[in-house]
Amino acid sequence: MTIILAIARRELSTYFSSPIAYVIMSAFLVFTGLLFIDSLSGAFREASLRGFLAGETFGGLLGESINAAFVLLLLGPVLTMRLLAEESKLGTLELLLTAPVRDTEVVLGKFLSALVTMAILLVLTLYYPILLWAFASPDTGPILSGYLGLALLGAFFLSVGLFASSLSNSQIVSAVVGLVILLMFWFIDEAADFFSGLPEDILEFVSPRAHFTDFARGIIATETIIYLLALTAIFVFLTIRSLETRRWR
Amino acid sequence: MIEVEHLTKYFGDFIAIEDVSFDVQPGEIVGFLGPNAAGKTTTMRIITGFMPPSEGTVRVAGYDILRNSLEARREIGYLPETVPLYTDMTVRQYLGFMGSLRGMSDAAKKQRTGYVIERMRLEDYADTFIGRLSKGFRQRVGIAQAILHDPKVLVLDEPTIGIDPVQVVETRELIKSLGREHTVVLSTHILPEVSMICERVVVINEGRIVAVDKPENLSVRLRGSEQVKLEVRGPERDVANRLRQVEGVRQVNRQRVDGNIYEYTLECDPGSGVRDGLASLIVNQGWGLLGLQSVTMSLEDIFLKLTVRDEEGAPR
Ligand SMILES: Nc1ncnc2c1ncn2[C@@H]1O[C@H](COP(=O)(O)OP(=O)(O)OP(=O)(O)O)[C@@H](O)[C@H]1O
Ligand SMILES: [Mg+2]
């Protein structure tokens, strides 16, 4: 555990001593800020985070696809792209993997650092609901469940990004691979229209998009939580395996 | 302390090393000598557990590097060839981090970090970002992290490459002194370096071990590094006998070229300047001197020579 923490601490200090964390945070705040304002200034003004969370923004012009989770999806792989790709490019992986450290500890340490960064990101957005509470009386339920959804999805995005980072020496390639995997997950329910019955249900369940909309509306389903956690665990596990097979290449 | 048995490593179809075996005794300094692409780095990466062998086993301090990997790795300090360091950390931060990876307690970390910084004479740079250090100082940081946890075994991949001559001398002294506390394996393609530092040399070429010996013995084997080739027309037995009597000539081999023309290969004491004597001898005897050339042996030739000797029947 101390080793995981040591690795996480090192990564965090790298995040915050380079522009990357700040760039990502600014981007996230700008985009989500727009979404937030939109739901307050629309035709039917309401004191909620529906624009921010559910993406029912701009008169539904953008559908429900553009919401905080989607912005997080775009930024997640950028946050994680460095984690393993850079180590293997610089060769520092050689010292990390010859130290008495398990591959699992390396991966968990890196993952933890990304999680903490994302948590800070989410905490920064808390000023949206705080503003609402200060000036109105919003419905607290959907806000809390929305944040739970964001945290769960964020963890999933980061696990995919971390996995992508283990596949290549190039940060750019890692970010792109991570994005492609995530977009496939995100939009896979569009393919559900071509099916009916069980395949349709499965495709709709697999896509995290609809689940997030539920969270944003205040619906918390245990199977969704389990599903997202399991998905995250699978990608963390795949990252560990990928790091192991690196040695065999 | 290190037992390497029948290591073979394939990269795809390419064989990087083949059937490499050697032992290193506790407290020994062993040099790994070979030209580029000989397989030195590959062997070291296998010993340190960075990559597994395709075949064979490595035991470090009694632990199998694959089956008891963590225990084995705990006993090793490693300086990789490229000296990879985190450039965004200061020397002290970096050493502290490496200490945590090795599971050192805070007190031990503090004490050892102070010690290695002093030992590597990094005091003035302890709080400098590694990215700002020169190559030679990075090399010192690399060695500092390798000895940080006082490991039983030190594996140093080309520790003197890329640093200036003054520091090379210092580094060699340092490695020698490290050899008193640790078992050391280092790689190099500098021939004199091994005789300066090492107690035993493993010569490797094209992925195979061609010699394992003490440097003194090795240099005796290599002292024929002055070779003269002669092409002479004359009675070959007579010529050979007379050539052998010339001062400085140790050995004469001959090979027929055509009729009574032979090519004679002479092993001479280095720096004995035998060529004058040879030329006048042949002319005085009335033989025909068709060619005379001195062959200086490059490192490549030496490896070649060792390889050839090995194939001629030295025990494997
Ligand atoms: N990861 C790899 N993938 C494919 N081939 C490799 C890999 N690593 C090394 N090789 C090949 O294995 C051979 C031995 O390489 P190695 O790095 O062990 O040589 P070396 O003795 O350390 O050489 P040098 O003195 O140049 O450092 C080389 O032909 C090299 O191209
Ligand atoms: Mg090498």
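Given the structure is predicted, the values throughout are model-derived calculations rather than measurements. (Residues numbered from 1 in each chain as written. Chains lettered and ligands numbered in written order. Predicted model: local features only at pLDDT ≥ 70, side-chain atom pairs only at ≥ 80, totals over all residues. Heavy atoms only, no water.)

A few words on the overall build of chain A. Helix and strand content of chain A: 13 helices and zero strands. Going from the N terminus to the C terminus, chain A shows its helices and strands as α-α-α-α-α-α-α-α-α-α-α-α-α. The buried share among the 249 residues of chain A stands at 53%. Within chain A, counting contacts between residues at least 6 apart in sequence, those at least 24 apart form 73% of the total. As presented, chain A carries roughly 10800 Å² of accessible surface, and 72% of it is formed by carbon and sulfur atoms. (Helix = DSSP H or I, 4+ residues; strand = E, 2+ residues; numbered from the N terminus. Buried < 20%, exposed > 50% of the residue type's maximum accessible area, 1.4 Å probe, protein only. Contact = heavy atoms within 4.5 Å. Areas by Shrake-Rupley, 256 points an atom, 1.4 Å probe, with all protein chains shown as cover.)

What follows covers the overall build of chain B. In terms of helices and strands, chain B carries 11 helices and 14 strands. Here chain B holds 316 residues, and the buried ones make up 51% of them. Look at the contacts in chain B between residues 6 or more apart in sequence, and 68% of them connect residues 24 or more apart. Working note: accessible area of chain B is about 14600 Å², and carbon and sulfur atoms make up 46% of it.

All right, on to the packing of helix α1 (residues 2-17) of chain A against helix α7 (residues 103-124) of chain A then. All names here are of chain A. One can describe the packing of α1 onto α7 by two numbers: an axis separation of 8 Å at closest approach and a directional angle of 45 degrees. What the angle tells us is that α1 and α7 run oblique. Seen from above, α1 lies across α7 with right-handed handedness. Residues Ile3, Ile4, Leu5, Ile7, Ala8, Glu11, Leu12, Tyr15 and Phe16 of α1 lie in contact with α7, whose contacting residues are Glu105, Val106, Leu108, Gly109, Lys110, Leu112, Ser113, Ala114, Val116, Thr117 and Ile120. Of the residues in the contact of α1 with α7, the class split is 14 nonpolar, three polar and three charged. (Axes fitted to C-alpha atoms, helices over the stretch in contact; angles between N-to-C directions. Parallel < 35°, antiparallel > 145°, perpendicular 65-115°, else oblique. Left-handed = near helix turned anticlockwise from the far one by under 90°. Nonpolar A, V, L, I, M, F, W, Y, C, P; charged D, E, K, R; others polar.)

The next point concerns the domain arrangement of chain B. By the assigned domains, chain B splits into domain 1 (2-219) and domain 2 (225-295). Relative placement of domain 1 of chain B and domain 2 of chain B: their C-alpha centres are 46 Å apart. (Domains from an automatic or database assignment.)

Now for the site of ligand 1. Residue and element names in this part refer to chain B. Taken together, the neighbourhood of ligand 1 is formed by 14 residues, with Asn36, Lys40, Thr41, Thr42 and Glu81 sitting nearest. In this structure, an oxygen atom belonging to ligand 1 sits 2.7 Å away from a side-chain N or O atom of asparagine 36. Between ligand 1 and threonine 41, the relevant distance is 2.6 Å, taken from an oxygen atom to a side-chain nitrogen or oxygen of the residue. Taking 630 Å² as the accessible area of ligand 1 by itself, protein coverage stands at 66%. Secondary-structure elements contributing two or more residues to the shell around ligand 1 are β2 (14-24) and α1 (40-47). It is α1 that provides the largest number of residues to the shell around ligand 1, a total of three residues. Of the residues assigned to the shell around ligand 1, the class counts are six nonpolar, five polar and three charged. (Near = heavy atom within 4 Å. Polar contact = N/O pair within 3.5 Å; in protein donor to acceptor, adjacent residues only side chain to side chain.)

The next thing to look at is the interface of chain A and chain B. Counting residues at the interface gives 23 residues for chain A and 25 residues for chain B. Roughly 2300 Å² of surface becomes buried between chain A and chain B when both sides are summed, with 64% attributable to carbon and sulfur atoms. Together, A:Glu94, A:Leu95 and A:Pro100 form the three largest contributors to the area buried by chain A at its contact with chain B, with a combined 32%. Between chain A and chain B we count two salt bridges in total. Residues B:Asp88 and A:Arg10 are paired through a salt bridge, measuring 3.5 Å at the closest nitrogen-oxygen approach. At the boundary of chain A with chain B, the tally comes to seven residue pairs in polar contact (both at pLDDT 80 or more). Looking at the side of chain A that touches chain B, the elements with two or more residues in it are α1, α5 (82-90), α6 (92-98) and α13 (222-248) of chain A. (Buried area = accessible area lost by both parts, 1.4 Å probe. Salt bridge = Lys/Arg side-chain N within 4 Å of Asp/Glu carboxyl O.)

What follows covers the packing of aromatic side chains. One pass over the full model with this rule turns up 16 aromatic pairs over all chains. With 5.3 Å between their ring centres and 80 degrees between their planes, A:Phe156 and A:Phe185 make a pair best called edge-to-face. With A:Phe156 in helix α9 (residues 140-167) and A:Phe185 in helix α10 (residues 171-187), this residue pair connects regions lying 29 residues apart in the sequence. Over the ring of B:Tyr86 we find A:Arg10, and its NZ or CZ is 3.6 Å from the ring centre. Positioned above the aromatic ring of B:Phe137 is the side chain of B:Arg140, whose terminal nitrogen or guanidinium carbon lies 4.5 Å from the ring centre. (Phe/Tyr/Trp six-rings, centres within 6.5 Å; stacked < 30°, edge-to-face > 60°. Lys NZ or Arg CZ within 6 Å of the ring centre and 35° of its normal.)

Residues A:Val123, A:Leu126, A:Tyr127, A:Ile130, A:Leu131, A:Trp133 and A:Phe135 make up a contiguous nonpolar surface patch of roughly 720 Å² in combined accessible area. Here the nonpolar patch gets five residues from one element, more than from any other, and that element is helix α8 (residues 127-135) of chain A. (Patch = residues over 30% accessible without salt bridge, like charges linked within 9 Å, V, L, I, M, F, W, Y side chains within 5 Å.)

Our focus in this paragraph is the environment of B:Arg140. All names here are of chain B. Position of arginine 140 relative to the elements: it lies in helix α5 (residues 135-147). Considering only alpha carbons, one finds arginine 140 and arginine 250, 110 residues apart in sequence, at a separation of 45 Å. In contact with arginine 140, not counting residues within four places along its chain, are Met120, Arg121, Leu122, Gln167 and Glu170.

All names here are of chain B. Coordination of the magnesium ion (ligand 2) by the protein involves Thr41 (OG1), Glu81 (OE) and Glu81 (OE), with metal-donor separations of 1.8 to 2.7 Å. With threonine 41 in helix α1 and glutamate 81 in the loop between β6 (76-79) and α3 (91-101), the pair connects residues that are 40 residues apart, well separated along the chain. On the basis of relative accessible area, threonine 41 is assigned to the buried category, the value being 17%. Overall, glutamate 81 belongs to the partly exposed group, its relative accessible area being 30%. (Donors = N, O, S within 2.8 Å, 3.2 Å for Na, K, Ca; no water.)

Residues and elements named next belong to chain B. Spatially, six strands are ordered β6-β7-β8-β3-β9-β10 in an open sheet, and the strand pairing comes out mixed. This sheet does not close on itself; its edge strands, each paired only once, are β6 and β10 (208-213). Strand-to-strand, the axes of this sheet are offset by a mean angle of 15 degrees, without reference to chain direction. (Pairing = 2+ DSSP bridges.)

B:Tyr94, B:Phe97 and B:Leu101 are the most contacted members of the largest nonpolar core, which has 99 residues in total. The element that contributes the greatest number of residues to this core is α9(A), accounting for 11 residues. The residues contacting B:Tyr94, other than those within four sequence positions of it, are A:Leu95, B:Pro84, B:Leu85, B:Tyr86, B:Met89, B:Ile130, B:Val141 and B:Gln145. Membership of the second largest hydrophobic core comes to 26 residues, among which are B:Ile65, B:Ala72, B:Ile76 and B:Val202. (Core = buried A, V, L, I, M, F, W, Y, C linked by side-chain atoms within 4.5 Å.)

The next thing to look at is the environment of A:Ser242. Among the secondary structure elements, A:Ser242 is positioned in helix α13. A polar contact is formed between the side chain of A:Ser242 and the side chain of A:Ser166, at a distance of 2.7 Å.

For α1(A), spanning 16 residues, the distance from its first C-alpha to its last is 22 Å, which sits close to the expected 22 Å at 1.5 Å a residue. When α1(A) is considered as a whole, its buried residues turn out to be A:Ile3, A:Ile4, A:Ala6, A:Ile7, A:Ala8, A:Arg10, A:Glu11, A:Leu12, A:Thr14 and A:Tyr15. (Expected span 1.5 Å × (residues − 1).)

This part takes up the pairing of strand β1 (residues 2-11) of chain B. Residue and element names in this part refer to chain B. With five bridges joining them, β1 and strand β4 (residues 55-60) adopt antiparallel strand pairing. Residue pairing in the sheet places glutamate 3 in a bridge with arginine 59 of β4. When β1 meets β2, the two strands line up antiparallel, connected through seven bridges. The residue bridging glutamate 3 from the neighbouring strand is aspartate 23, located in β2. Counted along the chain from β1 to the antiparallel partner β2, the turn is two residues long, and its residue glycine 12 has a positive phi close to 65 degrees.

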